[in-house]
Amino acid sequence: MRKLGIVALGAAAVLSLAGCAAGGDSNAGSGDGAEIRVWLVGTDTPDEARDYLKTTFEEEHPGSTLVIEEQSWDGLVDRLTTSLSGSDSPDVVEVGNTQAAAFTSAGAFLDLTADYDALGGDDLLPGFVEAGSYDGKFYAAPLYSGARLVFYKKDALAAAGLAVPTTLDEYVSNGEALASANPGKSGIWWPGQDWYNALPFIWENGGEIAVPDGDGWKAELSSAESVAGLTQVQEVMTTASLAPKDGNETNPQVGYCDGTTLQLSAPSWVKWSILAPADAETPGCPDQEANLGVYALPGMDGGAAQVFAGGSNIGISAKSANPELAKDALAIILSDEFQTIYGENGLVPAKKSLASTLGTDEVALAIGEAAGNAKLTPASPKWADVEAAGILQDLFVKIAQGGDVAALAAEADDKIDAILNG
């Protein structure tokens, strides 16, 4: 499945990794003749990139092999928690950017501070470097990013007499107008659990999820600014969307392809889901390419909105039996050649200098506009516990069901404060 949602790691499980990882010997297993296991998650990494990694590594290390083991996002963190603390740990592992702090703070990843410049240095995406760093040390590099864009049906917008919106308010009103003009269809497809798409509404109204407060954190979903954004979210969910109020964001291309979704906000790589062959395992609708429009979600006062920067980090297990070979594999993953393949397939490369590999089409231009304002979730090592508790998913399901926004936000703040400061 595409990485549109993430299940996070519990504090007790993460802390157990620290003691297990501490016993690893970072100098062991540095010779050839080994098997390097790389965990990649989901299908976002193209086959071309996987083949390049395996072929290049094995050519550079005769006698050694590299095995890519694809993992699913569902249940990933539980598997990582077990595997990274065991004697049979994978060597190189992908994690969601919001999960990285939980693993870096627990000592589950090898310290790569001395390798930072060799892996890309200041050319690496800074927000993802921050997500992969802890206590002044660098543990997990950026793998790729994906800005969230709005995909829409050009004919539906034109038939309703609407233009691409230039402000967030216009985006909301367009969605409502499309839904009104097309009974039984979503002007904006927005399932209740999808909290990622709610974040721009909070940020554009001047709110935050949580902010540093002395040595701790203070949740701010119940601030006046955040509530204003959440109220807009409820308006869209209840008047423009027919998505399930308790649904998740998986496979948003289905409604687009069957015609019941006229607009949706999703990571840039969803373009390839929409345009996937009709006979693929998860079918797309390549015949609708000419009608597929895209734009960056507009901000409150114009320009691009601050959107959530989806994507992944990648690190080396602290218990890898072959850390030097694992570093060589990671260097290939961060090479211009490997990262260019990401860019050519609509994923934002880990290096800023490779932004041009995204091309110059409508999607590439929208990615460039959106990526410039992208933000991440609070950089607390305990943020993963907030996700694990399902606090935001529960909040937005209740908002979608028409609940009292201010009361629900205050309730969520109490839960977030208890976790981040616990």
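Scroll up to find the structure this text is about.
Being a predicted model, the structure only gives us computed values, none of them experimental.

(A) Up close: the overall build of the protein chain. A count of helical and extended segments in the protein chain gives 18 helices and 13 strands. Radius of gyration (C-alpha) of the protein chain: 21 Å, near the 22 Å computed for a compact globule of 422 residues. C-alpha extents for the protein chain along the principal axes are approximately 65 × 50 × 35 Å. Considering only contacts in the protein chain between residues 6 or more positions apart, those separated by 24 or more positions represent 78%. Element-wise, carbon and sulfur atoms account for 50% of the exposed surface of the protein chain, whose accessible area totals about 15700 Å². Of the side chains in the protein chain, 22 bear a positive and 60 a negative charge, and the two mean positions are spaced by 2 Å.

(B) Spotlight on the layout of surface pockets. What the second largest pocket holds in volume is close to 320 Å³. The wall of the second largest pocket is formed by 20 residues, among which Leu125, Pro126, Ser145, Val348 and Ala371 lie closest to the centre. Secondary structure elements with two or more residues in the lining of the second largest pocket: α6 (126-131), β6 (140-146), β13 (348-349) and α15 (362-371).

(C) Looking closely at unusual backbone geometry. Phi at Asp135 is positive, roughly 55°, even though this residue is not glycine. Mapped onto the secondary structure, Asp135 falls in the loop between β4 (133-134) and β5 (137-138). If you check the backbone angles, Asn251 has positive phi at about 50° while not being a glycine. With respect to the helices, strands and loops of the structure, Asn251 is situated in the loop between α10 (224-239) and α11 (253-258).

(D) Fine view of the nonpolar core. In this structure, Leu221, Phe396 and Ile416 are the most contacted members of the largest nonpolar core, which totals 110 residues. Excluding anything up to four places from it in sequence, Phe396 contacts Gly192, Trp195, Ala198, Leu230, Val233 and Met237. Counting 15 residues, the second-largest nonpolar core is a separate cluster that includes Trp39, Val77, Leu84 and Val93.

Cut-offs and rules
Residues numbered from 1 in each chain as written. Predicted model: local features only at pLDDT ≥ 70, side-chain atom pairs only at ≥ 80, totals over all residues. Heavy atoms only, no water. Helix = DSSP H or I, 4+ residues; strand = E, 2+ residues; numbered from the N terminus. Rg over C-alpha atoms; globule rule 2.2 N^0.38 Å. Contact = heavy atoms within 4.5 Å. Areas by Shrake-Rupley, 256 points an atom, 1.4 Å probe, with all protein chains shown as cover. Lys, Arg positive; Asp, Glu negative; His and termini not counted. Charge placed at Lys NZ, Arg CZ, Asp CG, Glu CD. 1 Å grid on protein atoms, 1.4 Å probe; cavity = no way out; pocket = protein on both sides within 12 Å on 5 of 7 lines; lining within 4 Å. Points joined across faces, edges and corners; volume = space filled by probe spheres on them. Core = buried A, V, L, I, M, F, W, Y, C linked by side-chain atoms within 4.5 Å. Buried < 20%, exposed > 50% of the residue type's maximum accessible area, 1.4 Å probe, protein only.

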